[in-house]
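Below, each chain spelled out in residue letters.
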Amino acid sequence: PTPADDKIQEDRKLLPIYEKKQDILKAICENLFVIVTGETGSGKTTQIPQYVVDDMRREDILAPLPEKSAKKYPFKCNDAYDSRMDRREVRAVVTQPRRVAAIQMAKRVAIESGCRLGGHVGYTIRFEDNSNPDTGIKYVTDGILVRECLMDPNLENYDVVILDEAHERSLFTDILFSLVKQAVIRRKGALRLVVTSATLQTKLFSEFFFNCPIIEASGRCYPVDVMYIDSHPEKRILNSVKAAIRIHINEPIGDILVFLTGFDECDKACKMCHEELMKLHESGKEMAPMLIMPLYGSMNTKQQNQIFQKTPEGSRKIVFCTNIAETSLTVDGIAYVIDCGLVKQKVHNPETGMETLMVVPISQVQAQQRTGRAGRTMEGKCLRLYKHKDFEKKMPKQTVPEILRTNLCSTVLTLLNLGIKNVIQFEFIETPGKESLLFALKQLFLLKAVDKDAQLTDLGREMNRFPLEPSYAKLILASNFYKCQDDMVTLVSILSTENIWIPVAARDETRFNKLEDIRKGFSVENSDHLTLVNVYQSWKDTRYSESFLRKNFLLFRAMKQARKIREQLLEISDRIHYKNVEKYFESALGLSDDGPTEKRFRRCMTEGFYMNAARHIKAQKEGTYLTAHDKIIVKVDRWSVFDMFSNYPDWLLYTELAGTMTGNKGIMRLATDIKVKWIEKKIPMLEKVDMERLEYAG
Ligand code: ADP
Ligand code: MG
């Protein structure tokens, strides 16, 4: 080993979790379920998998449990049926609620264990597999492990499952609590579950897993001074930049972490911070060098690696981050935190079915987590850009788990595919409630993924082969019959990536106008969706040229990702049994091939999204629509072809609705013109769903 390797191994022993290594290993040997808690940065994510895989052997797991722990379980657990010893090494899978965290952690652990990424240590995220069948430590997103449960409900490939960052209570982690619990029970002692979490909610977790032991790794924590500044939420970027610079000028050395809500805000803040520093510099102010960088999920890897580099002596690092640095990724050396008190969150309203990304106040627990980022290496300070009164009055105590605030359509479809017949009765760690589950069943019924009795149909089974929201999966299946599959797969690929356009601020007038011209140039009349297809097709026609993207304000990374996703979706659609689902698309079968593709494409869109049809209200301001189903008022987006050309057809169908902070008026992000006769028969159906029957059966 090189001196660098020695240093890494020494550093590993300094992490707080190292003191608990033996306790953790012993607990895992002697119990089927174990909870490990510890402050962010104590080493849970990077160390526990290495302890398990390096220091345990399979025979440790297959050996009978001690009598006193076996007695705790109301099922047989000393009868591991798969005790064949085809291998002796332990294999662990570790879930992360975020893609970036899965990648970063795998990278870090590959370095620590001195092996190639994708070999002994690897990762798998949606649309990207960097592991092999012999990978010993595999980091995956929680969504991926849910998918693996579909193929292999007993998770036979693994000996230890680690559900990490459990306190985040992401939707899929919540589902995995139940699924993995069942798998552990069925494997009769051959599979272990470790749940790791910041020091929160451990009682709830422990009770769910037969009162399993909780091991606490104490964090080193220095006191953090908390200060409140009254700041308007809309001014959060400017005010946080100002606060950071004040700290830089007046406070002793130590890095600064600023929590904002989105990647665009982080980029903007970096720019603003550079500008402010320039001004100060010009006015002759002396100060230490400052490294300014953003940290968010969609950053490229090189940028991300920079974050973890030690700040050079005498200078200060300031990191503008999204929620990702709250618990998933740790930046060392932080002494100051500036917290805007807000977070971007998916919010779902089961009454209107609207699912929107909104900026909402964080919870008190999140505020404490953020504050805690400051006291890891030295005494710290935390500036909260809100009033103490708001902390107490406006912030909820706990974060509401995602499962309680999200659209469960795709989850319910997955559960049905797992053979769970009564989803309403499913044992969730905290149930999302009948209303949300019924709403999901209704959506699935309208998509014909389940029948009147809430049972999976052939269509629902094929839909679930795609790692996509059910409506999008249905679009791809339908497109085979409407003979527009190539275009539809293109569309869904683009919709599965983040925004493809380079963001341009309105005050940057020249560039803004240029972007508008470009987007107008690509637009296909009466369809934002066909416009996106056109953008992709034009790029493809240049043989995927990079200069084309640059010229047209398109994000290289997003487009490259769309291309990759496209290939994978085409691969999946090749394996679909279209014969099995033909009966659901009879109306398409008579369509002649030689009609305009564009028209078939629009008709196909109605198959997946007829519930989102909206009718123009002429009496109202132009561009105002009323949805056919829930009768909510919605408007077209500023960037839609309809607003750009002030052209408002009678009927539109949208795929995404963005909320506004005020009231329930939604904005149709992407819309397409449709003919009312395509949906006439379907709209009345929307009102006639037999909810009682669905409820009874589900
Ligand atoms: P936890 O999961 O308990 O929050 P981690 O295992 O993620 O803790 O991190 C433990 C420590 O490992 C961090 O405090 C940080 O110092 C270090 N670390 C994690 N990721 C990286 C990385 N990519 N580069 C350098 N150091 C890292
Ligand atoms: Mg962690």
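This structure is a prediction, so every number in the text was calculated from the model and none was measured.

What counts and how
Residue numbers run consecutively from 1 along every chain, following the written order of its sequence. For this description, chains carry letters from A and ligands carry numbers from 1, given in the order in which they are written. Where totals are concerned, whole chains, interfaces and linings use all residues; where local detail is concerned, this predicted model gives features only for residues with pLDDT of at least 70, and gives and counts side-chain atom pairs only at 80 or more. The side-chain figures draw on all heavy atoms in the structure; neither hydrogens nor water molecules are used. Secondary structure elements follow DSSP: runs of H or I of four or more residues count as helices, runs of E of two or more count as strands, with numbering from the N terminus. Radius of gyration here is computed from C-alpha atoms only, and the compact-globule reference equals 2.2 Å multiplied by the residue count raised to the power 0.38. Relative accessibility under 20% of the residue-type maximum defines a buried residue, over 50% an exposed one, and the middle range a partly exposed one, all with a 1.4 Å probe and only protein chains included. Whether two residues are in contact is decided by their heavy atoms, any of which lying within 4.5 Å being enough. Methods summary: accessible areas were calculated by the Shrake-Rupley approach with a probe of 1.4 Å, and residue burial reflects only the protein chains presented. Charge assignment in this entry is limited to Lys and Arg as positive and Asp and Glu as negative, and neither His nor the chain termini are counted. We put the charge of a Lys on NZ, of an Arg on CZ, of an Asp on CG and of a Glu on CD. By convention in these notes, a salt bridge is any Lys or Arg side-chain nitrogen within 4 Å of a carboxyl oxygen on Asp or Glu. Polar contact is the term for a pair of N or O atoms within 3.5 Å; when the atoms are in protein, one must be able to donate a hydrogen and the other to accept it, and sequence-neighboring residues count only if both atoms are side-chain atoms. Any nitrogen, oxygen or sulfur atom within 2.8 Å of a metal ion counts as a donor, with the limit raised to 3.2 Å for Na, K and Ca, and since water is left out, coordination shells can look unfinished. Lines fitted to C-alpha atoms define the axes, with helix axes restricted to the stretch in contact, and inter-axis angles between N-to-C directions lie between 0 and 180 degrees. Any angle from 65 to 115 degrees is called roughly perpendicular, while one under 35 is roughly parallel, one over 145 is roughly antiparallel, and all others are oblique. In this count, Pro and Cys sit with the nonpolar residues alongside Ala, Val, Leu, Ile, Met, Phe, Trp and Tyr, while Asp, Glu, Lys and Arg are called charged and the others, Gly among them, polar. To estimate how far a helix should extend, the number of its residues minus one is multiplied by 1.5 Å. When we say a residue is near a molecule or strand, we mean one of its heavy atoms is within 4 Å of it. For every residue, the predictor reports its confidence as pLDDT, a number between 0 and 100. Whether two strands pair comes down to DSSP finding at least two bridges between them. Definitions for this section: a left-handed crossing has its near helix turned counterclockwise from the far helix by less than a right angle. A right-handed crossing has that turn clockwise. Centres within 6.5 Å make a pair out of two Phe, Tyr or Trp rings, where for Trp the six-membered ring is used; the pair is then stacked when the planes are under 30 degrees apart, edge-to-face when over 60, and tilted otherwise.

Caption draft 1: Representation of the overall build of the protein. A tally of helices and strands in the protein yields 31 helices and 21 strands. Relative to the 2.2 N^0.38 estimate, which gives 26 Å for 698 residues, the radius of gyration of the protein is 26 Å and therefore close to what a compact globule would have. Each principal axis of the C-alpha atoms in the protein carries an extent, and together these give about 75 × 70 × 50 Å. The burial tally for the protein puts 56% of its 698 residues in the buried class. Residue pairs in contact within the protein that sit at least 24 positions apart in sequence constitute 75% of those at least 6 positions apart. Working note: accessible area of the protein is about 31,000 Å², and carbon and sulfur atoms make up 50% of it. Once the 102 positive and 94 negative side-chain charges of the protein are each reduced to a mean point, those two points are 1 Å apart.

Caption draft 2: Representation of the pattern of salt bridges in the model. A complete count under the given rule lists 35 salt bridges for this structure. For R58, the salt bridge goes to D159, with nearest N and O atoms at 3.0 Å. One end of the pair, R58, is in helix α4 (residues 58-62); the other, D159, is in the loop between α7 (142-151) and β6 (160-163), and 101 residues separate them in sequence. Across this residue pair, the class does not change: R58 and D159 are buried. Among the ionic pairs, R169 bridges to E430, the shortest N-O distance being 2.8 Å. In this pair, R169 sits in the loop between β6 and α8 (171-186) while E430 sits in the loop between α16 (409-417) and α17 (434-446), placing the two residues 261 residues apart along the sequence. Overall, the relative accessible area of 2% leaves R169 in the buried class. Taking relative accessible area as the criterion, E430 reaches 27% and is therefore assigned partly exposed. What you see here is one network of salt bridges that share partners, running through R12, R108 and E112.

Caption draft 3: Representation of the side chain of T173 within the structure. Within the secondary structure, T173 sits in helix α8. Of the residues examined, T173 reaches a relative accessible area of 0% and is grouped as buried. Within the structure, the side chain of T173 is placed 2.9 Å from the side chain of S170, a separation counted as a polar contact. Those residues in contact with T173 that sit more than four places away from it in its chain are D142 and A166.

Caption draft 4: Spatial organisation of the coordination of the magnesium ion (ligand 2). Ligation of the magnesium ion (ligand 2) by protein atoms is provided by T45 (OG1) and E165 (OE), these donors lying 2.0 to 2.3 Å from the ion. Of the two residues, T45 is situated in helix α3 (residues 44-55) and E165 in the loop between β6 and α8; the sequence distance between them amounts to 120 residues. Overall, the relative accessible area of 4% leaves E165 in the buried class.

Caption draft 5: Molecular detail of the packing of helix α20 (residues 485-495) against helix α22 (residues 528-541). Here α20 crosses α22 at 95°, and the two axes come no closer than 9 Å. By the angle class used here, α20 and α22 are roughly perpendicular. Counted together, D486, D487, T490, L491, I494 and L495 of α20 and H529, L532, V533, Y536 and K540 of α22 form the full contact between these two elements. For the contact of α20 with α22, a count of residues per class yields 6 nonpolar, 2 polar and 3 charged.

Caption draft 6: Geometry of α22. Taking 1.5 Å per residue, 14 residues should reach 20 Å; α22 reaches 20 Å between its end C-alpha atoms and fits that length. Counting buried positions along α22 yields 10 of 14 residues, so the element is predominantly enclosed. Those residues of α22 that sit buried are D528, H529, L530, T531, L532, V533, V535, Y536, S538 and W539. Sitting at the amino-terminal end of α22 is S527, which places a side-chain oxygen 3.2 Å from the backbone nitrogen of H529. Downstream of α22 by one or two residues, R543 has phi in the positive range, about 55°.

Caption draft 7: Representation of the site of ligand 1. Around ligand 1, 15 residues are found, and the nearest of them are G41, K44, T45, T46 and D332. Within the contact set of ligand 1, an oxygen atom lies 2.9 Å away from a backbone nitrogen or oxygen of G43. Within the contact set of ligand 1, an oxygen atom lies 2.9 Å away from a backbone nitrogen or oxygen of K44. The fraction of the free accessible surface of ligand 1 (570 Å²) that becomes covered by protein chains is 89%. Mapped onto the shell around ligand 1, the elements with two or more residues apiece are α3 and α6 (99-112).

Caption draft 8: Up close: the confidence of the model for the protein. Of the residues in the protein, 96% reach a pLDDT of 70 or more, and the chain-wide mean stands at 90. Reported confidences for the modelled complex are a pTM of 0.85 and an ipTM of 0.99.

Caption draft 9: Layout of the sheet that holds strand β10 (residues 255-259). Reading across the sheet, the 6 strands line up as β9-β16-β13-β10-β12-β11 and stay open at both edges, with parallel pairing between neighbours. Here the strands that pair on one side only, and so sit at the sheet edges, are β9 (224-228) and β11 (290-295). With strand direction ignored, the average angle separating the axes of adjacent strands in the sheet is 15°. The strands touched by helix α11 (residues 263-282) are β11 and β12 (316-321); relative to β11, the strand with the most contacts, the crossing angle is about 165°.

Caption draft 10: Focus on unusual backbone geometry. At L155, a position not held by glycine, the phi torsion is positive, near 50°. One can find L155 in the loop between α7 and β6. Among the residues examined, L155 registers a relative accessible area of 1% and is labelled buried.

Caption draft 11: Structural detail: the sheet that holds strand β7 (residues 192-197). The sheet built from 8 strands is open, its strands ordered β4-β3-β5-β2-β6-β7-β1-β8 with mixed pairing. Edge positions in the sheet fall to β4 (128-130) and β8 (214-217), since each has one partner strand and no second. Direction aside, neighbouring strands of the sheet carry axes that sit 20° apart on average. Relative to strand β5 (residues 137-141), strand β2 (residues 92-96) is paired through 5 bridges, and the arrangement is parallel. Bridged to T95 within β5 is V140. Against the sheet, α6 makes contact with β2, β3 (121-125) and β5, and its axis sits at roughly 170° relative to β3, the strand it touches most.

Caption draft 12: Just the packing of α3 against α6, in detail. For the pair α3 and α6, interaxial distance at closest approach is 10 Å and the crossing angle is 50°. Classed by the angle they form, the pair α3 and α6 counts as oblique. Both α3 and α6 take part in a crossing whose hand is right-handed. Where α3 abuts α6, its residues T45, T46, Q47 and Q50 lie against M105, R108, V109 and E112.

Caption draft 13: How the structure looks around the packing of aromatic side chains. In the structure shown here, the tally under the stated rule is 22 aromatic pairs. For the pair F208 and F209, a centre-to-centre distance of 5.1 Å together with 80° between the ring planes defines the contact as edge-to-face. The same class applies to F208 as to F209, namely buried. Residues Y536 and Y544 carry aromatic rings whose centres are separated by 6.5 Å and whose planes lie at 65° to one another, so their mutual orientation is edge-to-face. For Y544, a relative accessible area of 23% translates into the label partly exposed. An aromatic cluster is built from F33, Y73, F75, F177, F205, F208, F209 and F210, whose rings are joined through pairwise contacts.

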